[in-house]
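The residues making up each chain are set out below.
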Protein chains: 2
Amino acid sequence: MEKSAQEWLRGATFKEVLGSDASHKSLFVLVEHANGEKGVLLMNKSAFSEKAEDISAIIKSADLTEIMKNDIYGNYDIAIPSNLNLVKSQLIYPANDKVIAKYRQEEKFVIRETAEDYRTITVEYIEKYQMDLKWVYNVLSKNKEADRIIYEDPDPYNGFILAPDIKWDGVTMENLYVLAMIHRRGVRSIRDLTADDLPMLENIRSRSLVTIREKYGVRPDQIRAYFHYQPSFFHLHVHFVSLKYDAPASTTLSAVLLDDVINNLQLVPDYYKKSTLTFTRKASDKLLEMFREAGRCEK
Amino acid sequence: MEKSAQEWLRGATFKEVLGSDASHKSLFVLVEHANGEKGVLLMNKSAFSEKAEDISAIIKSADLTEIMKNDIYGNYDIAIPSNLNLVKSQLIYPANDKVIAKYRQEEKFVIRETAEDYRTITVEYIEKYQMDLKWVYNVLSKNKEADRIIYEDPDPYNGFILAPDIKWDGVTMENLYVLAMIHRRGVRSIRDLTADDLPMLENIRSRSLVTIREKYGVRPDQIRAYFHYQPSFFHLHVHFVSLKYDAPASTTLSAVLLDDVINNLQLVPDYYKKSTLTFTRKASDKLLEMFREAGRCEK
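Residues numbered from 1 in each chain as written. Chains lettered and ligands numbered in written order. Predicted model: local features only at pLDDT ≥ 70, side-chain atom pairs only at ≥ 80, totals over all residues. Heavy atoms only, no water.

- As annotated in an unreviewed UniProt entry, chain A is m7GpppX diphosphatase from Oesophagostomum dentatum.
- Looking at chain A in UniProt, the text filed under Subcellular location (unreviewed entry) is "Nucleus".
- Heading Sequence similarities (unreviewed entry) of the UniProt record for chain A holds this comment: "Belongs to the HIT family." (UniProt positions renumbered as here; feature names shortened; annotations may be inferred.)

**A look at the relation of the copies chain A and chain B**
Next up, step 1: Expressed as a screw transformation, the operator carrying chain A onto chain B has a rotation angle of 180 degrees and an axial translation of 0.0 Å, and the superposed copies differ by an RMSD of 0.1 Å. Expressed as an axis order, the relation between the two copies is that of a two-fold axis. (Least-squares fit on C-alpha atoms with pLDDT ≥ 70 in both.)

**Here's the deal with the pairing of strand S12 (residues 237–242) of chain A**
Residue and element names in this part refer to chain A.
Next up, step 1: Burial analysis of S12 places six of its six residues in the buried class, the great majority of the element.
Next up, step 2: Of the two faces of S12, the one lined by His237, His239 and Val241 and the one lined by Val238, Phe240 and Ser242 are each fully buried.
Next up, step 3: Two strands pair when backbone bridges link them, and strand S10 (residues 177–182) and S12 are joined in this way by five bridges, in the antiparallel orientation. Bridged to methionine 181 within S12 is histidine 237.
Next up, step 4: Where strand S11 (residues 223–228) and S12 come together, four bridges link them in antiparallel fashion. Its bridge partner being in S12, alanine 225 is matched across the sheet by phenylalanine 240. (Buried < 20%, exposed > 50% of the residue type's maximum accessible area, 1.4 Å probe, protein only. Helix = DSSP H or I, 4+ residues; strand = E, 2+ residues; numbered from the N terminus. Pairing = 2+ DSSP bridges.)

**Things to note about the sheet that holds strand S13 (residues 255–257) of chain A**
Residues and elements named next belong to chain A.
Next up, step 1: Taken in spatial order, the six strands of this open sheet run S8-S9-S10-S12-S11-S13, and their pairing is antiparallel. Since the sheet does not close on itself, it has two edges, and those belong to strand S8 (151–153) and S13, each with one partner. For this sheet, the mean angle separating the axes of adjacent strands, direction not counted, is 25 degrees.
Next up, step 2: Where S8 and strand S9 (residues 160–164) come together, three bridges link them in antiparallel fashion. Residue pairing across strands places tyrosine 151 opposite leucine 162, the latter belonging to S9.
Next up, step 3: Its contacts with the sheet put helix H7 (residues 258–267) on S11, S12 and S13, and the angle it makes with S13 is roughly 60 degrees. (Axes fitted to C-alpha atoms, helices over the stretch in contact; angles between N-to-C directions. Contact = heavy atoms within 4.5 Å.)

**Side note on the pattern of salt bridges**
Next up, step 1: Taken as a whole and assessed by the stated rule, the structure comprises 36 salt bridges over all chains.
Next up, step 2: Between aspartate 259 of chain A and arginine 205 of chain A there is a salt bridge whose closest N-O contact spans 2.5 Å. Residue aspartate 259 of chain A is found in helix H7, and its partner arginine 205 of chain A is found in helix H6 (residues 198–216); the two are separated by 54 residues along the sequence.
Next up, step 3: The class for aspartate 259 of chain A is buried, based on a relative accessible area of 14%.
Next up, step 4: On the basis of relative accessible area, arginine 205 of chain A is assigned to the buried category, the value being 18%.
Next up, step 5: Residues glutamate 298 of chain B and arginine 213 of chain A are paired through a salt bridge, measuring 2.4 Å at the closest nitrogen-oxygen approach. Taken as a pair, glutamate 298 of chain B in the segment after helix H9 (286–293) and arginine 213 of chain A in helix H6 lie in two separate chains rather than in one.
Next up, step 6: Exposure remark for glutamate 298 of chain B: the relative accessible area of 34% places this residue in the partly exposed category.
Next up, step 7: Among the residues examined, arginine 213 of chain A registers a relative accessible area of 34% and is labelled partly exposed.
Next up, step 8: Ionic contacts of the salt-bridge type, sharing partners, join the residues Arg213, Arg219 and Asp221 of chain A together with Glu298 of chain B into one network. (Salt bridge = Lys/Arg side-chain N within 4 Å of Asp/Glu carboxyl O.)

**As for the nonpolar core**
Next up, step 1: Leu193, Leu201 and Phe240 of chain A together with Leu193, Leu201 and Phe240 of chain B are the most contacted members of the largest nonpolar core, which totals 118 residues.
Next up, step 2: When sequence neighbours within four positions are dropped, the list of residues in contact with leucine 193 of chain B reads Val187, Met200, Leu201, Phe227, Leu236, Val261, Leu265 and Tyr272 of chain B. (Core = buried A, V, L, I, M, F, W, Y, C linked by side-chain atoms within 4.5 Å.)

**Brief notes about the UniProt feature "active site" (unreviewed entry) in chain A**
All names here are of chain A.
Next up, step 1: Following the UniProt record, the feature "active site" (unreviewed entry) maps to His237 here.
Next up, step 2: Given the relative accessible area of 5%, histidine 237 is considered buried.
Next up, step 3: Discounting chain neighbours no more than four positions away, the residues touching histidine 237 are Leu179, Ala180, Met181, Phe227 and Pro231.

**Examining the interface of chain A and chain B**
Next up, step 1: On the side of chain B, 99 residues touch chain A, which itself brings 99 residues to the contact.
Next up, step 2: Both sides together, the interface formed by chain A and chain B hides about 9,000 Å², and carbon and sulfur atoms give 54% of it.
Next up, step 3: The three residues of chain A that bury the most area against chain B are Lys45, Phe48 and Ile59 of chain A, which together make up 8% of that side's buried surface.
Next up, step 4: Taken together, the links from chain A to chain B amount to 61 residue pairs in polar contact (both at pLDDT 80 or more).
Next up, step 5: Split into classes, the residues belonging to the side of chain A that touches chain B amount to 46 nonpolar, 27 polar and 26 charged. (Buried area = accessible area lost by both parts, 1.4 Å probe. Polar contact = N/O pair within 3.5 Å; in protein donor to acceptor, adjacent residues only side chain to side chain. Nonpolar A, V, L, I, M, F, W, Y, C, P; charged D, E, K, R; others polar.)

**Let's talk about the domain arrangement of chain A**
Next up, step 1: Split by domain assignment, chain A resolves into domain 1 (1–46 + 87–103) and domain 2 (108–294).
Next up, step 2: Once you take the C-alpha centre of each, domain 1 of chain A and domain 2 of chain A turn out to be 33 Å apart. (Domains from an automatic or database assignment.)

**Notes on the sheet that holds strand S11 (residues 223–228) of chain B**
Paired through their backbone hydrogen bonds, the strands of a sheet run either parallel or antiparallel.
Residues and elements named next belong to chain B.
Next up, step 1: Read from one edge to the other, the open sheet built from six strands follows the order S8-S9-S10-S12-S11-S13, with strand pairing classed as antiparallel. In the strand order of this sheet, the two ends are held by strand S8 (151–153) and strand S13 (255–257), each with one partner. Between one strand axis and the next, the sheet turns by 25 degrees as a mean value, whatever way the strands run.
Next up, step 2: Both S11 and S13 contribute to a ladder of three bridges, which runs antiparallel. What sits directly across from histidine 228, in S13, is alanine 255.
Next up, step 3: Along the sheet face, helix H6 (residues 198–216) touches S8, strand S9 (160–164), strand S10 (177–182), S11 and strand S12 (237–242) and points at about 35 degrees away from the line of S9.
Next up, step 4: Against the sheet, helix H7 (residues 258–267) touches S11, S12 and S13, its axis set at about 60 degrees to S13.

See the structure below:
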């Protein structure tokens, strides 16, 4: 009979920390069962409930240990009942080496990509290793996920489709996450954009913000709109995300604001053909390896 | 006799959620004691300990509730003993209205500041409301905190001082946070920079990264270097922060990479005199109010 996860975990011992994030309070660990099977335990502290009865229960049951007190300010460690303080977790077992590698946290490295680096290194990387774009073309031709589309400008050159990102539930407005994908093929990233693309970019910005307001009631000044650079797939798309949501890779060295791209192309028509763009890549990343082989990054 | 915090909190009831952050797992609440005093309770879930014995204790005592299971992947809520899952907190009591207002979370709004907006709105804001810079001049003239300086280029025009930020303990390399402040007065923010300032900016970049490597052993490709726009004080300074640290306001709409500023000024000598810069401000912010009064932001 299959062992329950509870039973399996009780028979397992801690082997190694695969990764941790002190800001978001998560920890990924490798464990090994007495039978030799390995497992990956991903733990993530839960957000506080905002329900009045849960908060009242915490206040009533809180057990304070004073760290320091100064005038009206005091710092305390608080112990609260474990049912009010659950850890959201995923246990993956048995886990093979590939699964384990996926959750092993890797150091990141800053790359400064000059325009020359882009032409001599990154283009080769894209041609060799870029993901198959069939799924993108399926979405654009409405063979897949057509019911998810919330706006479309069908123009093949300047048009685009707008749809909720698959990671968003479509309901929680704090996590609003909508993706615009252009109809035109062959625009791989912001590197391919010039001032000729300003009508398309301004069209995406204004129509997407209007649609998000109409459909979800979220104002344009509550939205962070950006590209990833490097993107995870090389067909131009724009992320529209609630300001309240601290989305992965929405930060500097990963994201470039749509407003900044429009501003830059207005000032310099071939801005992205001439600029140095700075971003991070993980230790095992192929592009980082190629920059290092070319002597453009420290080993 | 003074009531202990424990006693005070037991006599208090929940009034209102002042703010919450589901990503970082924190909650700020307003409470009121039976005696009429108000208090602010700031709660922040603790990061996981990475000590082997603590992790082993969690694994041994974890109580799993299955949410769903699919093949090798399973999701569970885990209850763990409360002493392994403390909440870091601050209790401020009695708290007056000003203290309460400080912790009340405010919505943020995106502002797109054109070059014209900067000249007609923001400059007036800076002149009226900017913080006194005496503390900055004290640091630069070494009347204060001179022992904290880790590097100085004393040149009055292109020089700067480099020192650990007051929020950093100087020890935990994951949170490395070093600040460069220029010697020259009157450069309020990146808006005042032109290509004439490139020698200063390149000097700050190269000398700071070398110093951080020599003093702390942290490589240049492990550092995120950026300005804030808008800055919190109007004397030009650069943040050098560990890539591993998710520092407040290091993200898009708050931070502008030093590398991007250098690139932009190389391409367009008066880039920051001509550009639209996009950032967020809180609901009660004076600058946002001025943009709204000028009809440049939605009310």
